[in-house]
Structure formats: structure tokens, C-alpha cells
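# Working through the structure, step by step
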Amino acid sequence: FIEIHFGGKLLFDSHGKLYLTVGDGNEIYDSQDLNSFKGKILRLDVSSLKLEPEIVAYGIRNPWGVSIDSQDRMFILQCGNISVEAVYLLNNLYSGAPANLGWPVFEGPKRAEDLDSISNYYLDIFYWDEGESFNVVEYIEKNAIKPVFYYNHLPCYSEKNENCDGQTDIYRAAIIGGGILENPKSEYNFDIFFADYLSQELFSLNFITRELKIYPIENYLYINSVNVFNAEKNQILTTTNTGRVLILQLP
């Protein structure tokens with residue numbers, strides 16, 4: 001039984017295919033190993049008597065939040081490790097080759113700090129292409145997809161993203177949620193909603209305009225799920241690991 005980095009989300013697309021998110025279980029090698037289901041997003045055809053999981057995405061640390069909109073676009077909320085939380089977008093779930101999100105070499109768009117701190121680091125996994133082998137680190141640097149949005153654990157007010165530590169009392173850690181509001185009459189149409197586990201903040205990101213909004217939620221820690229409750233009324237449903245349930249009315 002995996003106690004950490006378990007993912008654990010189940011959802012369907014418009015074709016009735018079932019998706020399962022699986023974290024790396026703190027076994028970072030497995031996220032890049034296509035012979036392992038850890039650190040993956042899997043698709044299953046539940047109409048078939050023989051269930052053969054298909055890997056849709058890999059190179060994932062902990063996909064705590066994954067959503068699919070009405071046009072079968074998948075949003076993957078990737079919980080980071082040292083410094084970065086990220087949102088990835090898969091525009092075509094049926095494009096063929098699975099998408100590589102880059103963990104453990106990348107944490108969001110950045111090289112993972114824990115790897116770069118190790119001298120002569122070497123990940124003993126290889127990719128093979130027409131008989132030629134490639135070390136996984138080199139392959140990931142060239143082929144991993146980059147997030148459409150990310151944020152630092154410590155907010156940074158420098159345009160160059162430098163010298164950020166200690167400039168703020170806000171600490172963010174673990175991106176949660178992924179509810180997509182789809183209502184052409186709403187100003188929040190095509191917004192994906194998510195929260196941070198610690199910082200008492202609800203975020204929305206419009207994946208058409210890339211506009212980001214932050215809604216502070218006082219005295220509401222450890223949010224573990226975010227979903228759209230009523231798209232017509234612009235209401236969001238959140239829960240916490242302490243058992244609280246809160247329906248939020250958007251401004």
C-alpha cells in the first residue's frame with residue numbers, strides 16, 4: 001500500500017474511457033520507467049473484458065488533481081518537491097505517444113534542485129530508439145513538456161525570479177484541485193480552479209487568456225479537493241483533510 005504520493009483520482013472522458021492517476025510512491029525512478037505504473041496517468045477501456053492500462057502521461061511525482069473538460073483536454077496538477085507547483089495541459093488525449101512531464105529531472109520548468117545538488121548524478125535508466133540508447137536525463141531535457149502555469153513555494157517579487165527567500169510570510173506547498181468551470185454566460189468560463197494545501201488561497205487560471213486570479217480564504221487550511229459546485233451560479237466546492245466542506249460564491 002502506497003502511503004505517500006499516491007495520486008488516486010478517477011475520472012472519465014467524453015468517450016467513456018476511465019483515467020486513473022498514480023503517484024510515484026516516493027520511488028522517483030519508477031516515474032520514468034514505462035514498465036511501472038507508478039508516477040503515471042493510466043487510461044482503461046471499461047467496456048472491454050480485458051483491461052489493459054494505457055499510459056497517457058508519465059514522469060509524474062504526485063498528480064493530486066487531474067481534470068478533463070468537455071473537449072477532452074486534460075489538466076494535470078503536479079505536486080512539486082522543493083520549490084515549484086505546476087499545471088500541465090494535454091490538448092489531445094489520443095495523440096499516440098504518452099506525454100513526459102519530466103520528473104525527477106524537472107520540477108515544473110526548472111531542473112530539480114535535489115538532483116542538481118548531487119555531484120556526478122546519474123539516473124540509471126535508458127531510452128532506446130532504433131538500437132541507440134539515451135540516458136534518461138538527456139532525453140528528458142529534450143523531450144519533456146513544460147507546464148502552462150507554475151508557482152514557487154515562496155512568492156517572488158523579482159522579475160528575474162532571484163533572491164526570493166524570506167521576502168514574504170506566505171508559504172505555498174502542494175497544488176490541489178482542478179475543477180473546470182464551463183459556462184459561456186459566466187465571466188469565469190474556461191477557468192480552472194485550484195488551491196494550495198497550506199497557503200489558504202484559491203486560484204483560478206483561464207486557460208484561454210492565461211489570466212490568473214487569487215482568492216484568499218481565511219482560517220481554511222489543508223484543502224484537499226476543489227471542484228465546481230454550480231457553474232450557473234459561479235460556486236466552487238472545497239473540502240479539507242479535517243472534514244470541513246465549504247461552498248464558495250465567486251465574486
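The following refers to the structure shown.

How each quantity is defined
Residues numbered from 1 in each chain as written. Predicted model: local features only at pLDDT ≥ 70, side-chain atom pairs only at ≥ 80, totals over all residues. Heavy atoms only, no water. Helix = DSSP H or I, 4+ residues; strand = E, 2+ residues; numbered from the N terminus. Buried < 20%, exposed > 50% of the residue type's maximum accessible area, 1.4 Å probe, protein only. Contact = heavy atoms within 4.5 Å. Areas by Shrake-Rupley, 256 points an atom, 1.4 Å probe, with all protein chains shown as cover. Salt bridge = Lys/Arg side-chain N within 4 Å of Asp/Glu carboxyl O. Pairing = 2+ DSSP bridges. Polar contact = N/O pair within 3.5 Å; in protein donor to acceptor, adjacent residues only side chain to side chain. Axes fitted to C-alpha atoms, helices over the stretch in contact; angles between N-to-C directions. Arc of directions from axis to C-beta.

### Quick word on the overall build of the chain
In terms of helices and strands, the chain carries two helices and 20 strands. Considering the chain as a whole, with its 251 residues, one finds that 49% of them fall into the buried category. Long-range pairs, those at least 24 residues apart, make up 46% of the contacts in the chain with a sequence separation of at least 6. Looking at the chain as shown, the accessible area adds up to about 13100 Å², and 50% of this sits on carbon and sulfur atoms.

### Notes on the pattern of salt bridges
One pass over the structure, following the stated rule, counts five salt bridges. In this structure, Arg73 and Asp69 form a salt bridge, with 2.7 Å as the shortest nitrogen-oxygen distance. For the residue pair Arg73 and Asp69, the accessibility class agrees, reading buried in each case. The salt bridge partner of Glu201 is Arg172, with a shortest N-O separation of 2.7 Å. Here the residue Glu201 occupies a position in strand β16 (residues 201-206), and Arg172 occupies one in the loop between β13 (149-152) and β14 (175-181), the gap between them amounting to 29 residues.

### Description of the pairing of strand β5 (residues 65-68)
The alternating pattern of β5 places Gly65 and Ser67 and Val66 and Ile68 on opposite faces, both of which are buried. Pairing analysis gives four bridges linking β5 to strand β6 (residues 74-78), with the strands arranged antiparallel. Across the sheet, the residue bridging to Val66 is Ile76, located in β6. Once β5 ends, the chain turns through five residues before running back antiparallel as β6, passing Asp72 with a positive phi of about 60 degrees.

### Focus: the side chain of Arg172
Look at Arg172 and you get buried, because its relative accessible area is 10%. There is a polar contact of 2.7 Å between the side chain of Arg172 and the side chain of Glu201. Discounting chain neighbours no more than four positions away, the residues touching Arg172 are Tyr151, Asn152, His153, Pro155, Asp196, Ser199, Glu201, Phe203 and Ile214.

### Considering the sheet that holds β5
Reading across from one edge, β5-β6-β7-β13 is the order of the four strands in this open sheet, with antiparallel pairing throughout. If you trace the sheet from one side to the other, it starts and ends with β5 and β13, each paired once. Adjacent strand axes in the sheet meet at a mean angle of 10 degrees, parallel and antiparallel pairs treated alike. In this structure, strand β7 (residues 84-90) lies alongside β13, joined through four bridges in antiparallel fashion. Within β13, the position partnered with Val84 by the bridge is Asn152.

### Here we look at the sheet that holds strand β3 (residues 40-44)
Adjacent strands of a sheet form backbone hydrogen bonds with each other and so pair up, either parallel or antiparallel. Here we have five strands laid out as an open sheet, ordered β1-β2-β3-β4-β8, and mixed in their pairing. Of all the strands in the sheet, just β1 (10-12) and β8 (99-100) have a single pairing partner and so form its edges. Bridge analysis of β1 against strand β2 (residues 18-22) gives three bridges, and the strand direction is antiparallel. By the bridge assignment, Leu11 is partnered in β2 with Tyr19.

### What about helix α2 (residues 136-143)?
All buried positions along α2 are accounted for by Val136, Val137 and Ile140. Along the axis of α2, the buried positions cluster into a sector of 100 degrees, meaning they face one direction only.

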